[in-house]
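An overview of the molecular structure
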Amino acid sequence: MKKLALHWQILIGMILGIGFGFVMTQMQWGKDFVADWINPFGTIFVNLLKLIAVPLILASLIKGISDLKDIAKFRNMGLRTIIIYICTTVIAITVGLGLVNLFAPGDGISKETITKLSSTYEGNSNIAGKLATAAQTKDAGPLQALVDMVPSNAVAAMSNNSLMLQVIFFAIFLGISMLLIGEKKAEPLKNFFDSLNDVVLKMVDLIMLFAPYAVFALLANVVVSADDPEVLLALLFYALTVVAGLLIMIVIYCLIFALYVKKSPFWFLQKIAPAQLLAFSTSSSAATLPVTMERVEEHMGVEKEVSSFVLPVGATINMDGTSLYQAVAAVFVCQALGIPLDLSAQLTIVLTALLASIGSAAVPGAGMVMLVIVLESIDFPSELLPVALALIFAVDRPLDMLRTTVNVTGDATVASVVAKSLGKFGQPHVENWDDNLDEVSS
């Protein structure tokens, strides 16, 4: 009997998790039961993915650069990657602004709803934390992003998943240095990272065996910890505007893939589906990165020297879904609070959302920090910032799940386009967790 494809297993786990969560919400003890006995399995799964993210980036990126044997090739790949990422982010922000101006979801929010939301989330620790983080980011100098890219301690950088750019910088620096000392001297170190890369990819295969059960736990917890349904209903029009924009971005990715890579967009979506579903479940591009790399390399045929650079960089600087959400959210709160926005203010939103997406943490909730920065760029009244975040806080979690899915899809699309442009898009070579089992079993 043919084994059910991984994306179908994960999808079944998601559906069962949502159903189980709804059942538990009807039980007085349901929320505590899910939090104590179900959610920990989801947390363990996410921790396992985060555990291998840094070793995978380090090993695959160093291997990819050392395989190039030519620094000029790396420069060409880097320039193409950054330019395409910037273009897709600008498209995403423009789509978001177009939809929010067309449908004006903020005009339908009554003053009573604004008051209710403000009182519900007044003093919320999460909102206060986002405001504090945004204030620190705003006070930093114009070149602070460059300073933050360069680690003072490589080991310390590898100990913190939020410092992914520093790990990428160190890996690129080490890989280029290996090229410059010559192939013979670099061979022992290259062999070490080649072997480490194979081991970490095998760890991905093993972790993915647990994926359907993990997404069941993650989605069940999301459902039982959801906010008041009446509050969610009041924000439905805003949420639908964001969802429409995200769906348009998926269509744009599929068109780009079909026109440039010359393969079926349905094939693309099928191959990347497990990474998309995990991105939806975890709300973290960084946690999903090992799976995205495995799907793009083994199941789509993008060569490692491309995927090992494009995907880690994308998980850090390519936030198309998040940037689109910021554009919609910024205009939505201004509409709801009666604050007019002229063309120059909306152009400022495009520029600020683009810059804020570069180097933002690829973790849940980073989008709200970026939103505060975007709002402050258009002289949004500082005393209304807590009200603005309260307006969108109730639906932020489900939208975060969706926009992370779009972020991951965008990363895979750009990796495919860059690989195709460099002649590095080959045949898929799928490896299973038990391929070498016969060598270690008697």
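Anything mentioned here points back to the structure above.
Quick look at the structure, then.

Definitions and limits used
- Residues numbered from 1 in each chain as written.
- Predicted model: local features only at pLDDT ≥ 70, side-chain atom pairs only at ≥ 80, totals over all residues.
- Heavy atoms only, no water.
- Helix = DSSP H or I, 4+ residues; strand = E, 2+ residues; numbered from the N terminus.
- Rg over C-alpha atoms; globule rule 2.2 N^0.38 Å.
- Buried < 20%, exposed > 50% of the residue type's maximum accessible area, 1.4 Å probe, protein only.
- Contact = heavy atoms within 4.5 Å.
- Areas by Shrake-Rupley, 256 points an atom, 1.4 Å probe, with all protein chains shown as cover.
- Lys, Arg positive; Asp, Glu negative; His and termini not counted.
- Charge placed at Lys NZ, Arg CZ, Asp CG, Glu CD.
- Expected span 1.5 Å × (residues − 1).
- Arc of directions from axis to C-beta.
- Salt bridge = Lys/Arg side-chain N within 4 Å of Asp/Glu carboxyl O.
- Patch = residues over 30% accessible without salt bridge, like charges linked within 9 Å, V, L, I, M, F, W, Y side chains within 5 Å.
- Axes fitted to C-alpha atoms, helices over the stretch in contact; angles between N-to-C directions.
- Parallel < 35°, antiparallel > 145°, perpendicular 65-115°, else oblique.
- Left-handed = near helix turned anticlockwise from the far one by under 90°.
- Phe/Tyr/Trp six-rings, centres within 6.5 Å; stacked < 30°, edge-to-face > 60°.

Moving on: the overall build of the protein. Secondary structure assignment for the protein yields 21 helices and 0 strands. Scaling as 2.2 N^0.38, a compact globule of 442 residues should have a C-alpha radius of gyration of about 22 Å, and the protein matches this with 22 Å. Seen along its three principal axes, the alpha-carbon backbone of the protein occupies a region of about 70 × 50 × 45 Å. Sorting the 442 residues of the protein into buried and exposed places 51% on the buried side. Taking contacts inside the protein between residues at least 6 apart in sequence as the whole, the part at least 24 apart equals 85%. Per element, the accessible surface of the protein, about 20000 Å² overall, is 65% carbon and sulfur. Side-chain charges of the protein comprise 26 positive and 35 negative groups, with the mean position of each set lying 8 Å from the other.

Let us now look at the side chain of Ser 308. Following the sequence through the fold, Ser 308 ends up in helix α15 (residues 304-317). Beyond its immediate sequence surroundings of up to four residues, Ser 308 is in contact with Ser 60, Leu 61, Gly 64 and Met 293.

Here the focus is the environment of Val 155. Here Val 155 shows up in helix α7 (residues 154-158). Taking relative accessible area as the criterion, Val 155 reaches 62% and is therefore assigned exposed. Between the C-alpha atoms of Val 155 and Leu 246, which are 91 residues apart in sequence, the distance is 37 Å.

At 3.6 residues per turn, the α-helix brings residues three or four places apart onto the same side. Taking 1.5 Å of rise per residue, the 20 residues of helix α1 (residues 6-25) would be expected to cover 28 Å, and the 29 Å separating its terminal C-alpha atoms lies within 8% of that figure. Along α1, the residues classified as buried are His 7, Ile 10, Gly 13, Met 14, Gly 17, Gly 21 and Met 24. Along the long axis of α1, the arc covered by the buried residues comes to 115 degrees, so they all point the same way. When the buried face of α1 is taken as reference, the exposed residues oriented beyond 90 degrees from it are Ile 15, Leu 16 and Phe 22.

The end-to-end C-alpha distance of helix α3 (residues 71-103) is 48 Å, a good match for the 48 Å that 33 residues give at a rise of 1.5 Å each. Downstream of α3 by one or two residues, Ala 104 has phi in the positive range, about 45 degrees.

Turning our eyes to something else, we now look at the pattern of salt bridges. With the rule as written, the count across this model stands at 8 salt bridges. Measuring nitrogen to oxygen at the nearest pair gives 2.9 Å for the salt bridge that ties Asp 67 to Lys 190. In this pair, Asp 67 sits in helix α2 (residues 30-68) while Lys 190 sits in helix α9 (residues 183-208), placing the two residues 123 residues apart along the sequence. Residue Lys 190 is classed as buried on the basis of its relative accessible area of 19%. Salt bridges here are not isolated pairs; linked through shared partners, they connect Lys 63, Asp 67, Lys 190 and Asp 194.

With respect to the helices and strands, Asn 47 occurs in helix α2. Classification of Asn 47 as partly exposed rests on a relative accessible area of 44%. Along the chain, Asn 47 and Ala 287 lie 240 residues apart, while their C-alpha atoms are 7.9 Å from each other.

With that settled, the discussion passes to a nonpolar patch on the surface. Side chains of Phe 41, Ile 44, Leu 48, Leu 51, Val 199 and Met 203 sit close together on the surface and give an oily, nonpolar patch of about 520 Å² of accessible area. Elements that contribute at least two residues to the nonpolar patch include exactly α2 and α9. With 4 residues, the top contributor of residues to the nonpolar patch is α2. Tracing the backbone shows Leu 51 in helix α2.

Okay, the packing of helix α10 (residues 211-224) against helix α13 (residues 265-282) next. Between α10 and α13, the least distance of the axes is 9 Å, while the angle of their chain directions is 30 degrees. Considered as vectors, α10 and α13 are oriented roughly parallel to each other. Crossing hand, α10 versus α13: left-handed. Taking contact as the criterion, the partners of Ala 211, Val 215, Leu 218 and Leu 219 in α10 are, on α13, Leu 278, Phe 280, Ser 281 and Thr 282.

Here we take up unusual backbone geometry. Here Ala 104, not a glycine, exhibits a phi torsion of approximately 45 degrees, which is positive. Checked against the element boundaries, Ala 104 lands in the loop between α3 and α4 (111-120). Judged by its relative accessible area of 17%, Ala 104 falls in the buried class. The backbone phi angle of Lys 262 is positive, close to 65 degrees, even though this residue is not glycine. On the secondary structure map, Lys 262 appears in the loop between α12 (236-261) and α13.

Within this structure, the stated rule accounts for 11 aromatic pairs. Here the aromatic rings of Phe 192 and Phe 193 are separated by 5.1 Å at their centres, their planes lie at 75 degrees, and the arrangement is edge-to-face. When the ring of Phe 210 is compared with that of Tyr 213, the centres are 6.3 Å apart and the planes differ by 25 degrees; the resulting orientation is stacked. Take Phe 210: its relative accessible area is 28%, and that puts it in the partly exposed class.

This next bit is on the environment of Leu 422. Looking at the secondary structure, you find Leu 422 in the loop between α20 (396-421) and α21 (437-440). Residue Leu 422 is classed as partly exposed on the basis of its relative accessible area of 27%. As a C-alpha pair, Leu 422 and Met 77 span 345 residues in sequence and 7.8 Å in three-dimensional space. Among all residues touching Leu 422, those that are not within four sequence positions of it are Met 77, Arg 80 and Val 306.

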